[in-house]
Amino acid sequence: MRFRLDPEQRAFADSLNAMLTAADTPSVVRSWSRGEPASGRSLWRRVAGAGVFALAVPEAYEGLGPRPVELAVAFVELGRHAVPGPLVETVVAAALLTEPAPAKRLLPALAAGATMATAAPAGSYALDGDVAAIRLSWDADGLRLAPGHGPVRGSLDPARRLTLLDPGGELLTPEPPLAHALTWARLATAAQALGVGLALLDRTVTYVRQRTQFGVPVGSFQAVKHQLADVKIALEFARPLVFGAALTMTESDVAAAKVAACEAAYATARTALQLHGAIGYTAEHDLSLWLTKARALRAAWGDPGECRAAVLKGLDGLDGGNGLSGGDRRS
């Protein structure tokens, strides 16, 4: 089956790409990493103005959605430009806020970009809790609006600033739709990772055409072409999985898309690092903004092992319990 975007979806992607290209996102990312979020907030409002976050919010609460395919289109572009902030977490918040009272109170501001949201299980680190006005945490009692956050800690990706959310706070619902929210989180993460991988590939192809050894561009070497072809194929195989999962929104399809996209982006990052040589290891080079993000997204909202387990669980359901589960499975 072929998954091709329609003209309206392609125009949406092109408009986001143009807007983010003009925004000089590397400088925004570096400011965000230093704890200076002013330019990041400004970019956030522009992204919201393009309707990105409204795609995760139901129309009843001043959104445009839920529209997972268009959301995936948008998150590919957000990943392509390494846009900082709790992007996936804002989508998770929209998926968690299903009770009418808190949804009516909180979701319109999310859709409009007036506020950011973060979300994490109680006791786990939340992304950008210091800049998010809506901090959601869940435990055995249900979903809560956390009253604050702890100290900010750094992570592998400097733009991903981590905080523990304070315990307690207003109980929003005793039975939040956690599985539903996780599916949305993995879809957005997969699309974002795909965009990161595509950006790394584009930057690496440009670089190997310019870098020379023995008087010729290194991109003319057969070994380099093979490496780039391998990651290009991996990314192209991941793309239809991401958009196919956005159509079905089943747990197993989305988990498979996340594995494929994140592993392809991670492989592209490793290849990009190798082909850039020593300059690729420097934090001052813009390549690092995508390299670290590819590694961080690989483990966000379910590492490869967890997502593969979700895929196998879905296959067990298709098997109809015919003895292919657990220790009977062979790999």
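Residues numbered from 1 in each chain as written. Predicted model: local features only at pLDDT ≥ 70, side-chain atom pairs only at ≥ 80, totals over all residues. Heavy atoms only, no water.

Asks: Any chance you could explain the sheet that holds strand β1 (residues 117-121) here in plain terms?
Replies: Strand pairs in the sheet, formed through backbone hydrogen bonds, run parallel or antiparallel to each other. Spatial strand order, β1-β3-β4-β6: four strands in an open sheet with mixed pairing. Whereas interior strands pair on both sides, the edge strands pair on one side only; in this sheet they are β1 and β6 (170-173). Here the strands of the sheet are splayed against their neighbours by 30° on average, with no regard to which way each runs. In this sheet, strand β4 (residues 142-145) lies alongside strand β3 (residues 134-139) in antiparallel orientation, the contact comprising four bridges. Residue pairing for β4: Leu-136 is matched across the bridge by Leu-145. Sheet contacts for helix α6 (residues 100-112): β1, β3, β4 and β6; angle to β6, the most-contacted strand, approximately 90°. (Pairing = 2+ DSSP bridges. Helix = DSSP H or I, 4+ residues; strand = E, 2+ residues; numbered from the N terminus. Axes fitted to C-alpha atoms, helices over the stretch in contact; angles between N-to-C directions. Contact = heavy atoms within 4.5 Å.)

Asks: Looking at this structure, I do not really get the layout of surface pockets. What am I missing?
Replies: Space left empty within the atom packing is revealed by a probe, the size of a water molecule, rolled over the atoms. In this structure, the second largest pocket spans a volume of roughly 330 Å³. Lining the second largest pocket are 17 residues, with Tyr-125, Arg-160, Leu-162, Ala-300 and Trp-301 positioned closest to its centre. Elements with a contribution of two residues or more to the lining of the second largest pocket: β1, β2 (125-127) and α10 (287-299). Considering only residue class, the lining of the second largest pocket consists of twelve nonpolar, two polar and three charged. (1 Å grid on protein atoms, 1.4 Å probe; cavity = no way out; pocket = protein on both sides within 12 Å on 5 of 7 lines; lining within 4 Å. Points joined across faces, edges and corners; volume = space filled by probe spheres on them. Nonpolar A, V, L, I, M, F, W, Y, C, P; charged D, E, K, R; others polar.)

Asks: Would you explain the pattern of salt bridges in this entry?
Replies: Counted under the stated rule, the structure contains twelve salt bridges. Where Arg-30 meets Asp-286, a salt bridge forms, and the shortest distance between an N and an O atom there is 2.9 Å. Of this pair, Arg-30 sits in helix α2 (residues 25-33) while Asp-286 sits in the loop between α9 (251-276) and α10, and the two are 256 residues apart along the sequence. Its relative accessible area of 24% is what places Arg-30 among the partly exposed residues. Between Glu-263 and Arg-298 there is a salt bridge whose closest N-O contact spans 2.4 Å. With Glu-263 in helix α9 and Arg-298 in helix α10, the pair connects residues that are 35 residues apart, well separated along the chain. Where salt bridges share partners, they join Lys-232, Glu-236 and Arg-239 into one cluster. (Salt bridge = Lys/Arg side-chain N within 4 Å of Asp/Glu carboxyl O. Buried < 20%, exposed > 50% of the residue type's maximum accessible area, 1.4 Å probe, protein only.)

Asks: Teacher, can you tell me more about the confidence of the model for the protein chain here?
Replies: Predicted coordinates in areas of low pLDDT are best not read in detail. For the protein chain, per-residue confidence averages 93 on the pLDDT scale, and residues scoring 70 or more make up 95% of the total. Considering only residues more than four positions removed or in separate chains, one finds that residues 320-331, a stretch of pLDDT under 50, has nine contacts. (pLDDT = per-residue confidence, 0-100.)

Asks: Even after reading the chapter, I still don't get the nonpolar core, so can you show me in this structure?
Replies: Across soluble globular proteins, you tend to see nonpolar side chains buried next to one another. One finds Val-52, Phe-75 and Leu-136 to be the most contacted residues of the largest nonpolar core, which totals 81 residues. With eleven residues, helix α7 (residues 178-210) is the largest single contributor of residues to this core. Filtering out sequence-adjacent residues up to four positions away, Leu-136 remains in contact with Ala-93, Leu-96, Leu-97, Thr-118, Ala-119, Ala-120, Leu-143, Arg-144, Leu-145, Leu-165 and Leu-172. Counting residues in hydrophobic clusters, the runner-up holds 17 residues, among them Val-29, Ala-82, Ala-159 and Leu-291. (Core = buried A, V, L, I, M, F, W, Y, C linked by side-chain atoms within 4.5 Å.)

Asks: Help me understand the side chain of Lys-258 in this model?
Replies: Locating Lys-258 in the fold gives a position in helix α9. A polar side-chain atom of Lys-258 sits 2.9 Å from the main-chain carbonyl oxygen of Gly-302. In this view, Lys-258 contacts Arg-186, Thr-189, Ala-190, Glu-263, Leu-297, Arg-298, Ala-300, Trp-301, Gly-302 and Cys-307; residues no more than four positions away in its chain are not counted. (Polar contact = N/O pair within 3.5 Å; in protein donor to acceptor, adjacent residues only side chain to side chain.)

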